[in-house]
Amino acid sequence: MRKLWHPVTITVGVVALILALPFVIPKRPVPVYSDETLREIALSHNMLPVPHSYGELLKVVDTPENPMSREKIALGRSLFFDTRLSRDQSINCASCHLLGEGGDDNRPTAIGFHGRENPFHLNSPTVLNAALEKSQFWDGRAADVEAQAGGPVQAPFEMNMTPAEVEKRLNADQGLREVFEKVFGSREITFKKVRKAIGAFERTLLTRGAYDRFLEGDNGAISPAAKRGMTLFIVKGCKGCHTGMSVGGQRIEKFPLRHYLWDYIGVALDPDMKIKESPFPFENRGGFLGRDDKQRFKVPMLRNITRTAPYFHNGAVKKIEEAVRIMSKYQIGDEFMPAQIRDVVAFLKTLEGEIVSY
């Protein structure tokens, strides 16, 4: 008896069916919530507003390992802008973390001592609200902002100093030694104290905006489009990783979670071999693969995200709209339509804010 179906034909048919499934299976409609219900759902998922007052701030970010005080914060602020922490005294922490912008430098990769680029082509994460995160750096290797503060100072491609060199340079300033004595009870300036002072200052760099006002009961603080985007953000599962007061920075996750057959078919026809060889849905510029080289990254914090382009660890994606599309497709497995992307971006813009004057 003649075979009716060739194995290749069957394989092609199965592949075609798999590729067609996302288009033929109906998607569940996105619910429409009242403002009160949307707010209650957000708050129940730990999406909390940034505090108004210094007292409330301390409840959120103070730590027994580095108790905050007005004097320590002021000292940390001066060190944050002190160029003596760099070898040629030409750059400071604020060179890569522009406080008047989004808390980063809006470059694909950090530029440090003598114009050196980060060897892994990593871009600078924002320092704004960083104290709300559970870990620091793209691979989460630093536990807090105090540990993070020492990294760029010592990196040869950033400020290019050693702890001993920092201590020698700063201890030559008798006036600064007096300030350290008032803050720490000792005139000796150590690198650990420098990190603690900068960390105390960074713990005050929290921002508030329309999103916070909405969470506190102001229904008119955000637009209808932003409310639709916030609903999508919640019901589609984005809030599962981008959670907490910081809207992210609480977990280490694999990226990307999903791969698609069409990606491999498409890149086979793409002459850009850099993309074809990448484990990411964009060029693997710098070759960084996250924690333990297993594509595990700290979940980015989304506060002020629309002010901190370009996106992802190596700055390969320029537009926030494309970043949202990539995340919807490769992390939650439900690629957003253009109208949905616009709504989500409208929501993300509500996460912009100004530094609170504590």
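The structure displayed is predicted, hence computed values, not measured ones.

By the secondary structure assignment, Lys193 is in helix H9 (residues 191-202). With no salt bridge to any partner, buried Lys193 finds its closest opposite charge in Glu188, at an N-O distance of 5.3 Å. Setting aside residues no more than four positions away along its own chain, Lys193 makes contact with Phe180, Phe184, Ser186 and Glu188.

Our focus in this paragraph is the packing of helix H14 (residues 320-330) against helix H15 (residues 338-349). Two numbers describe how H14 lies on H15: the axes approach to 10 Å, and their chain directions differ by 115°. The angle between H14 and H15 falls in the class roughly perpendicular. Read as a crossing pair, H14 and H15 show a hand that is right-handed. Contacts from Ile320, Glu321, Val324 and Arg325 in H14 reach Ile341, Val344, Val345 and Leu348 in H15. Taken together, the residues of the contact of H14 with H15 break down into six nonpolar, no polar and two charged.

Before going further, it helps to spend a moment on the side chain of Thr109. Relative to the helices and strands, Thr109 resides in the loop between helix H5 (93-96) and helix H6 (145-154). Side-chain polar atoms of Thr109 contact the backbone oxygen of Leu122, separated by 3.0 Å. Those residues in contact with Thr109 that lie beyond four places of it in its chain are Glu117, Asn118, His121, Leu122 and Asn123.

A few words now on the nonpolar core. Ranked by internal contacts, the top residues of the largest apolar core, which has 43 residues, are Met230 and Leu348. Sorting the residues of this core by element identifies helix H2 (35-44), helix H10 (210-215), helix H11 (224-235), H14 and H15 as the ones contributing at least two each. By residue number, the principal contributor to this core is H15, which donates six residues. Among all residues touching Leu348, those that are not within four sequence positions of it are Leu302, Ile305, Thr306, Ile320 and Val324. Of all hydrophobic cores here, the second largest spans 41 residues; its members include Leu75, Leu132, Ile198 and Phe201.

The rules behind these values
Residues numbered from 1 in each chain as written. Predicted model: local features only at pLDDT ≥ 70, side-chain atom pairs only at ≥ 80, totals over all residues. Heavy atoms only, no water. Helix = DSSP H or I, 4+ residues; strand = E, 2+ residues; numbered from the N terminus. Buried < 20%, exposed > 50% of the residue type's maximum accessible area, 1.4 Å probe, protein only. Lys, Arg positive; Asp, Glu negative; His and termini not counted. Salt bridge = Lys/Arg side-chain N within 4 Å of Asp/Glu carboxyl O. Contact = heavy atoms within 4.5 Å. Axes fitted to C-alpha atoms, helices over the stretch in contact; angles between N-to-C directions. Parallel < 35°, antiparallel > 145°, perpendicular 65-115°, else oblique. Left-handed = near helix turned anticlockwise from the far one by under 90°. Nonpolar A, V, L, I, M, F, W, Y, C, P; charged D, E, K, R; others polar. Polar contact = N/O pair within 3.5 Å; in protein donor to acceptor, adjacent residues only side chain to side chain. Core = buried A, V, L, I, M, F, W, Y, C linked by side-chain atoms within 4.5 Å.

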